[in-house]
Amino acid sequence: MTTEPPETGLVVRYSFLWPREHDRGEREGRKDRPVCFVVPLNVGQGAVVVFPITTREPRAWTPG
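Residues numbered from 1 in each chain as written. Predicted model: local features only at pLDDT ≥ 70, side-chain atom pairs only at ≥ 80, totals over all residues. Heavy atoms only, no water.

Enquirer: Could you give an account of the sheet that holds strand β2 (residues 33–38), with specific residues and numbers?
Expert: Read from one edge to the other, the open sheet built from three strands follows the order β1-β2-β3, with strand pairing classed as antiparallel. Among the strands making up the open sheet, the edge pair consists of β1 (11–14) and β3 (49–52). Within the sheet, the average angular offset between the axes of one strand and its neighbour, ignoring direction, is 45°. Both β1 and β2 contribute to a ladder of four bridges, which runs antiparallel. Each bridged residue has a counterpart across the sheet, and for Val 12 the counterpart in β2 is Val 35. (Pairing = 2+ DSSP bridges. Helix = DSSP H or I, 4+ residues; strand = E, 2+ residues; numbered from the N terminus. Axes fitted to C-alpha atoms, helices over the stretch in contact; angles between N-to-C directions.)

Right, here's the structure in full:
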């Protein structure tokens, strides 16, 4: 893992927790997945948004 500040477009492996996993009460992702960092310009320093990279279409989300 790098200690360099993240840059927009950086791809790393991360244990991404999908919303459906969170809704079932899971606390961390099941396996490391490739994700892309995006660094927002209008929030505090060090804040990033993480997007999972996948080949599957997302499932429809239904609350509760």
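There's more to say after this.
Enquirer: Account for the side chain of Arg 33, with residues named and values stated.
Expert: The topology assignment puts Arg 33 in strand β2. Here Arg 33 is in contact with Val 12, Arg 13, Tyr 14, Phe 16, Trp 18 and Glu 21, once residues within four sequence places are set aside. (Contact = heavy atoms within 4.5 Å.)

Enquirer: Give a description of the side chain of Glu 21 that names residues and reports values.
Expert: Mapped onto the fold, Glu 21 is located in helix α1 (residues 19–23). The class of Glu 21 is buried, set by a relative accessible area of 2%. The contact partners of Glu 21, leaving out residues within four places of it in the chain, are Phe 16, Glu 26, Gly 29, Arg 30 and Arg 33. (Buried < 20%, exposed > 50% of the residue type's maximum accessible area, 1.4 Å probe, protein only.)

Enquirer: Tell me about a positive patch on the surface, and name the residues and values.
Expert: A cluster of basic residues, Arg 13, Arg 20, Lys 31, Arg 56 and Arg 59, forms a positive patch at the surface. Looking at the secondary structure, you find Arg 56 in the segment after β3. (Patch = residues over 30% accessible without salt bridge, like charges linked within 9 Å, V, L, I, M, F, W, Y side chains within 5 Å. Areas by Shrake-Rupley, 256 points an atom, 1.4 Å probe, with all protein chains shown as cover. Salt bridge = Lys/Arg side-chain N within 4 Å of Asp/Glu carboxyl O. Lys, Arg positive; Asp, Glu negative; His and termini not counted. Charge placed at Lys NZ, Arg CZ, Asp CG, Glu CD.)

Enquirer: Residue-level account of the pattern of salt bridges, with values.
Expert: Tallying each qualifying case throughout the model produces three salt bridges. A salt bridge links Glu 26 to Arg 24; its shortest N-O distance comes to 3.4 Å. With a shortest N-O distance of 3.0 Å, Arg 30 and Glu 26 are connected by a salt bridge. Three or more residues joined by partner-sharing salt bridges are found here, namely Glu 21, Arg 24, Glu 26 and Arg 30.

Enquirer: Pulling in residues and values, what's your account of the environment of Glu 26?
Expert: Following the sequence through the fold, Glu 26 ends up in the loop between α1 and β2. The contacts of Glu 26, once residues within four sequence positions are left out, are Leu 17 and Glu 21. At a separation of 3.0 Å, a polar atom in the side chain of Glu 26 contacts the side chain of Arg 30. (Polar contact = N/O pair within 3.5 Å; in protein donor to acceptor, adjacent residues only side chain to side chain.)

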